[in-house]
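Each chain, written out:
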Amino acid sequence: MNMKKWIASAIACSALALSACGGQSSGSAQTGADAAKVYHVATNAEFAPFEFMNASNQISGFDIDLLNAMSQAGNFKVEYRHQPWDSIFPALTNGDVDILVSAITITDERKQTMDFTNPYFEIKQVILVQKGKNIQSVEDLKKAQKVGVVTGQTGDFAASKILGNNSPKIARFESLPLVIKELENGGLDAVISDSAVVGNYIKNNGDKGFSMVAVPDFETENYGMAVRKGDTATLNMLNDALAKVRENGEYDKIQSKYFAQ
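Rules used throughout
Residues numbered from 1 in each chain as written. Predicted model: local features only at pLDDT ≥ 70, side-chain atom pairs only at ≥ 80, totals over all residues. Heavy atoms only, no water. 1 Å grid on protein atoms, 1.4 Å probe; cavity = no way out; pocket = protein on both sides within 12 Å on 5 of 7 lines; lining within 4 Å. Points joined across faces, edges and corners; volume = space filled by probe spheres on them. Nonpolar A, V, L, I, M, F, W, Y, C, P; charged D, E, K, R; others polar. pLDDT = per-residue confidence, 0-100. Contact = heavy atoms within 4.5 Å. Buried < 20%, exposed > 50% of the residue type's maximum accessible area, 1.4 Å probe, protein only. Helix = DSSP H or I, 4+ residues; strand = E, 2+ residues; numbered from the N terminus. Pairing = 2+ DSSP bridges. Salt bridge = Lys/Arg side-chain N within 4 Å of Asp/Glu carboxyl O.

**Structural notes on empty space enclosed by the protein**
Part 1 of the reasoning: According to the stated counting rule, one finds one cavity of 30 Å³ or more in the structure shown.
Part 2 of the reasoning: Empty space within the largest cavity amounts to approximately 50 Å³.
Part 3 of the reasoning: Along its surface, the largest cavity is lined by F47, W85, A103, T105, R110, Q153, T154 and D194.
Part 4 of the reasoning: In terms of residue class, the lining of the largest cavity is built from three nonpolar, three polar and two charged.

**Details of the confidence of the model for the protein**
Part 1 of the reasoning: Per-chain confidence: the protein averages 88 in pLDDT, with 86% of residues scoring 70 or above.
Part 2 of the reasoning: Low pLDDT (under 50) marks residues 1–31, which in the prediction has three contacts with non-local residues, meaning those over four places away or in another chain.

**Describing the pairing of strand β13 (residues 220–223)**
Part 1 of the reasoning: The alternating pattern of β13 places E221 and Y223 on a buried face, while none of T220 and N222, on the opposite face, is buried.
Part 2 of the reasoning: By the bridge criterion, four bridges tie strand β8 (residues 121–129) to β13 in an arrangement that is antiparallel. In the sheet register, F121 faces β13, and the bridge partner there is Y223.

**A few points about the pattern of salt bridges**
Opposite charge on two side chains makes pairing possible when the charged atoms of those side chains draw close.
Part 1 of the reasoning: Tallied over the entire structure, the rule returns ten salt bridges.
Part 2 of the reasoning: One salt bridge in this structure joins D98 and R228, with 3.4 Å as the shortest N-O distance. Taken together, the residues span a long stretch of sequence, with D98 in the loop between α3 (85–93) and β6 (99–100) and R228 in strand β14 (residues 226–228) at a distance of 130 residues.
Part 3 of the reasoning: Overlapping salt bridges, with partners in common, bring together K181, E184 and K208 in one network.

**What about unusual backbone geometry?**
Part 1 of the reasoning: Looking along the chain, the bond that leaves A48 and enters P49 is cis, with omega of 10°.
Part 2 of the reasoning: Turning to its location among the elements, P49 is positioned in the loop between β2 (46–47) and β3 (51–53).
Part 3 of the reasoning: For N75, which is not glycine, the phi torsion reads 60° and is therefore positive.
Part 4 of the reasoning: Here N75 is to be found in the loop between α2 (62–74) and β5 (77–82).

**Thoughts on the layout of surface pockets**
Part 1 of the reasoning: Here the largest pocket defines a volume of roughly 400 Å³.
Part 2 of the reasoning: What lines the largest pocket is a set of 16 residues, among which F157, A158, K161, E219 and E221 lie closest to the centre.
Part 3 of the reasoning: Ranked by residues supplied to the lining of the largest pocket, first place goes to helix α6 (residues 154–163) with five residues.
Part 4 of the reasoning: In terms of residue class, the lining of the largest pocket is made up of five nonpolar, six polar and five charged.

This is the structure we're talking about:
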């Protein structure tokens, strides 16, 4: 080998060695989540205070702040999409998104088609009662003319259990704002929905004269973030990050921001 070829060969080998070292260093520094990947998250931003569109038309809320804190603690990136409630589940199944965060109650039925993180929030179904309506129990609810729910949410499941799935008394809507607007307009006697959401509505609409009725017939529920069935890598990433924000105090800060006593 002549001198020119030897020098060229040495330079090439040195570059290859540096490249290999660089690649090894990058790989060894990366643990857990894939920091280069952006996890697409679907939410229905019509369920304040958990998810809603703020004054700047950005997706906001307890769930969003929580997942943002988790992404920082877990060293991963997220990107949100606001979608209709009934479209978020097919989006996950079809692979259009990686994660669902939308105040989703963990149920046995849902666990058949998706996997859930550890619970991150506890609620119950309650009744939002129209002014002047005396509804204090499930038996009173059975006597109502129209009860509003959001299609496919656990308020819908509760109403179906009480009144029958095909009962003409159940009025189903695509979103919480729509069903509450119908209640405000006098088209419904009551609405069944999640306690924290109903409480938030009453807090911000005290002039409406509506009241929240808690009944013992409704069971305690837990929210979880959902991933595709069998996606253990993303599930473990989220559970690890959730544990970290609980331990470092960020969860409590976010909870106080939205649910100050």
